[in-house]
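Descriptive structure summary
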Amino acid sequence: MSTGLWIDGGWRESRAGRDDFAVVDPATTKVLAHVVDGGVEDMADALDAASRAYETWAETPARERSTILRRAWELMTERSEELARLIVRENGKALPDARSEVAYAAEFFRWFSEEAVRAHGDMRRSPTGQNWIMVTEEPIGVALLITPWNYPAAMATRKIAPALAAGSTAVLKPAAETPLTALAIAELLAEAGLPAGVLNVVCTKRSGELVGHALGDTRVRALSFTGSTEVGRTLLTLAAQNVVRASMELGGNAPFVVLDDADLEEAVDGLMVAKLRNGGSACTAANRIYVADGVADEFTERFAARIASVRHGNGLDDGVELGPLVNESTQRKVAELVDGAVRAGASIAAGGGHDGLPGYSYRATVLADVKPDAEILRHEIFGPVAPIVRFESDAQAVALANDSEFGLISYLYTRDLDRGLAVSRRLRSGMVGLNRGVVSDPAAPFGGVKQSGIGREGAAEGMREFTELKYTAIPFH
Ligand code: NAD
């Protein structure tokens, strides 16, 4: 397993001369590897490499860029089991979750290998009749990519693939909790034929310092960040200094609305995925479950029965559906939110606590009769806890769902499509799962409104985050 800095097509030690940092397996709490801790000198080298590589990469025919991305998809698919196991070891999620993450992550290489060759732009005639207006999409330049720990492969490929497809080059700074997957992806891209310097990876324990340095470098023209809203705000301010294009995939606090005519079995199936996928550590995780009063008891009973049968354990063990949380502070935070909700009058319909579970686990938990103003509904839980709140009318459900500074995704269950579309239209989120518990798709524009972000990832829109429009005026003869 390589644990160095990936700069200019090769492994390197740090020029900053700091001690390596430890990556911990959340299931055993043991050290898995030591990774080189990059400093500002290393970030500067990575930016030099990306900037040099840009000169030729931007001029490389799209077909060649596409072939390399396609090869990356093939390699990632061939190695999916190996990569999935690496993700489990550094992130803790259960193996089935890690396998779906690798498949999803690889799809970004395939999708953007196909998108790379669709040359966008057009030719218009000026209303004066005197000019052609030629509009082309140009690669934006060097992009800084920053990813979180919860999807160490998919959050990286969702940025790398469109940046490279567009002809831009990049420096990736993965989360310190999960750097190994990012390094494996860099190596895989090199094997797929990616020229030196087009993608560089700098791992560090001092994100603020290194990212601050990078955003002070005028060669960085795009910032693509996935992480918390709090850090996103800081980075937007820093990006403003050099007027850097910023795309932000930030926090979510997704409402999951079950109307009184919903197919309850389907809604329970949907919530099992929307809540438990990735152990609840997903920006798309259903966090606030609003259920129509008339069906709330039956829904809660059915859902609690399913949750109570979830198999916990080390994510690598056979049959395990739910692995541990990423670290001790997350475990503590989840426990505090549950305890607070119970003190405020909620009852535990399933789960609660972490006794007898490995590492930083927390038991899959259902909280019933949560008050609409409960503190737990104000936070991204980022764990396997489902607070259920009752509502009286569709209008009240919409008001409760929209009562959040976040607006990434909402889920809605109803048998009536007209009613579903009417409610869905009123939900203030960038995405809606209408009778679906999962929406992620490389061919769809993923992203949020309000404080959940700016910009979109995936689909054709995802590539535009790494291009700029250029208009050339040409005389019309
Ligand atoms: P985080 O904001 O703490 O960290 C995200 C990344 O930013 C990491 O690489 C981290 O090292 C880096 N970082 C932290 N502080 C920094 C600073 N001051 N300057 C520069 N970089 C800094 O988030 P996290 O805990 O790793 O991830 C969880 C969050 O990510 C949740 O809020 C979740 O909703 C969000 N998320 C959003 C999406 C989405 O697509 N909207 C997807 C996944 C996760």
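See the structure above.
Quick caveat: nothing in here was measured; it's all calculated off a predicted structure.

What about the overall build of the protein chain?
Scanning the protein chain from N- to C-terminus turns up 14 helices and 22 strands. For 477 residues, the compact-globule estimate of 2.2 N^0.38 gives 23 Å, and the C-alpha radius of gyration of the protein chain, at 23 Å, lies within 12% of that figure. Overall size of the protein chain, expressed as C-alpha extent along the three principal axes, is 70 × 60 × 40 Å. Across the 477 residues that make up the protein chain, the buried fraction comes to 56%. Of the contacts formed within the protein chain by residues at least 6 apart in sequence, a portion of 72% connects residues at least 24 apart. Only carbon and sulfur atoms are counted for the fraction: they give 49% of the accessible area of the protein chain, which is about 18,700 Å².

Details of the environment of D42
Examined against the element boundaries, D42 turns out to sit in helix α1 (residues 40-57). Judged by relative accessible area, D42 falls into the buried class, the value being 0%. With 34 residues separating them in the primary sequence, D42 and M76 have C-alpha atoms 27 Å apart. Dropping the residues within four chain positions of it, D42 is found in contact with L5, I7, R12, E13, S14, R15, A16, D37 and V202.

Some remarks on the site of the ligand
In the region of the ligand, 28 residues are neighbours, and T147, R158, S228, L250 and E380 sit closest. In the environment of the ligand, an oxygen atom lies 3.0 Å from a nitrogen or oxygen atom belonging to the side chain of K173. A distance of 3.0 Å is found between an oxygen atom of the ligand and a side-chain nitrogen or oxygen belonging to S207. At a threshold of 2 Å from the grid points, most atoms of the ligand map onto the largest pocket. At the level of secondary structure, the elements contributing two or more residues to the shell around the ligand comprise α5 (154-165), α7 (207-215), β10 (220-226) and α8 (229-241). Examining the composition of the shell around the ligand, we find that three residues originate from one element, α7, more than from any other. Taken together, the residues that form the shell around the ligand break down as 15 nonpolar, nine polar and four charged. Composition of the shell around the ligand by domain shows at least three residues from each of domain 1 (5-250 + 452-475) and domain 2 (254-441).

What to know about the packing of helix α9 (residues 264-276) against helix α10 (residues 293-308)
Put simply, α9 and α10 touch, their axes get as near as 10 Å, and they point 50° apart. Between α9 and α10, the crossing angle belongs to the class labelled oblique. Helix-helix and strand crossings are classified by hand; for α9 and α10 the assignment is right-handed. Contacts between α9 and α10 involve L264, E265, A267, V268, D269, L271, M272 and L276 on the former and, on the latter, V295, E298, F299, R302, F303, R306 and I307. Each residue belonging to the contact of α9 with α10 can be placed in one class, and the counts come to ten nonpolar, no polar and five charged.

So, the pattern of salt bridges
A full pass over the atoms with the stated rule returns 31 salt bridges. A salt bridge links D45 to R12; the nearest nitrogen and oxygen atoms lie 2.9 Å apart. In this pair, D45 is assigned in helix α1 and R12 in strand β2 (residues 10-12), connecting sequence segments 33 residues apart. Residue D45 is classed as buried on the basis of its relative accessible area, which comes to 15%. Two residues, D263 and R415, come together in a salt bridge whose shortest N-O distance is 3.9 Å.

Focus on empty space enclosed by the protein
Within this structure, the stated rule accounts for five cavities of 30 Å³ or more. Its boundaries defined by the atoms lining it, the largest cavity holds a volume of some 100 Å³. Around the largest cavity, the lining is made up of 15 residues, and of these N91, K93, N278, S281 and P324 lie nearest the centre. A class-by-class count of the residues in the lining of the largest cavity yields six nonpolar, seven polar and two charged. Counting the residues that make up the lining of the largest cavity, at least three belong to each of domain 1 (5-250 + 452-475) and domain 2 (254-441).

So, the sheet that holds strand β14 (residues 347-350)
Judged by pairing direction, the sheet is mixed, and its seven strands sit side by side in the order β14-β15-β16-β13-β12-β18-β19 without closing on themselves. In this open sheet, the two edge strands, each paired with only one partner strand, are β14 and β19 (431-434). Recorded for the sheet is a direction-independent mean angle of 25° between the axes of neighbouring strands. Direction of pairing for strand β12 (residues 254-258) relative to strand β18 (residues 409-413): parallel, over a ladder of three bridges. When the bridges of β18 are listed, V258 appears paired with Y413. Sitting on the sheet, α10 touches β12, β13 (286-292), β14, β15 (365-368) and β16 (385-391), and the angle it makes with β13 is about 140°.

The rules behind the values
Residues numbered from 1 in each chain as written. Predicted model: local features only at pLDDT ≥ 70, side-chain atom pairs only at ≥ 80, totals over all residues. Heavy atoms only, no water. Helix = DSSP H or I, 4+ residues; strand = E, 2+ residues; numbered from the N terminus. Rg over C-alpha atoms; globule rule 2.2 N^0.38 Å. Buried < 20%, exposed > 50% of the residue type's maximum accessible area, 1.4 Å probe, protein only. Contact = heavy atoms within 4.5 Å. Areas by Shrake-Rupley, 256 points an atom, 1.4 Å probe, with all protein chains shown as cover. Near = heavy atom within 4 Å. Polar contact = N/O pair within 3.5 Å; in protein donor to acceptor, adjacent residues only side chain to side chain. 1 Å grid on protein atoms, 1.4 Å probe; cavity = no way out; pocket = protein on both sides within 12 Å on 5 of 7 lines; lining within 4 Å. Sits in = over half its atoms within 2 Å of the grid points. Nonpolar A, V, L, I, M, F, W, Y, C, P; charged D, E, K, R; others polar. Domains from an automatic or database assignment. Axes fitted to C-alpha atoms, helices over the stretch in contact; angles between N-to-C directions. Parallel < 35°, antiparallel > 145°, perpendicular 65-115°, else oblique. Left-handed = near helix turned anticlockwise from the far one by under 90°. Salt bridge = Lys/Arg side-chain N within 4 Å of Asp/Glu carboxyl O. Points joined across faces, edges and corners; volume = space filled by probe spheres on them. Pairing = 2+ DSSP bridges.

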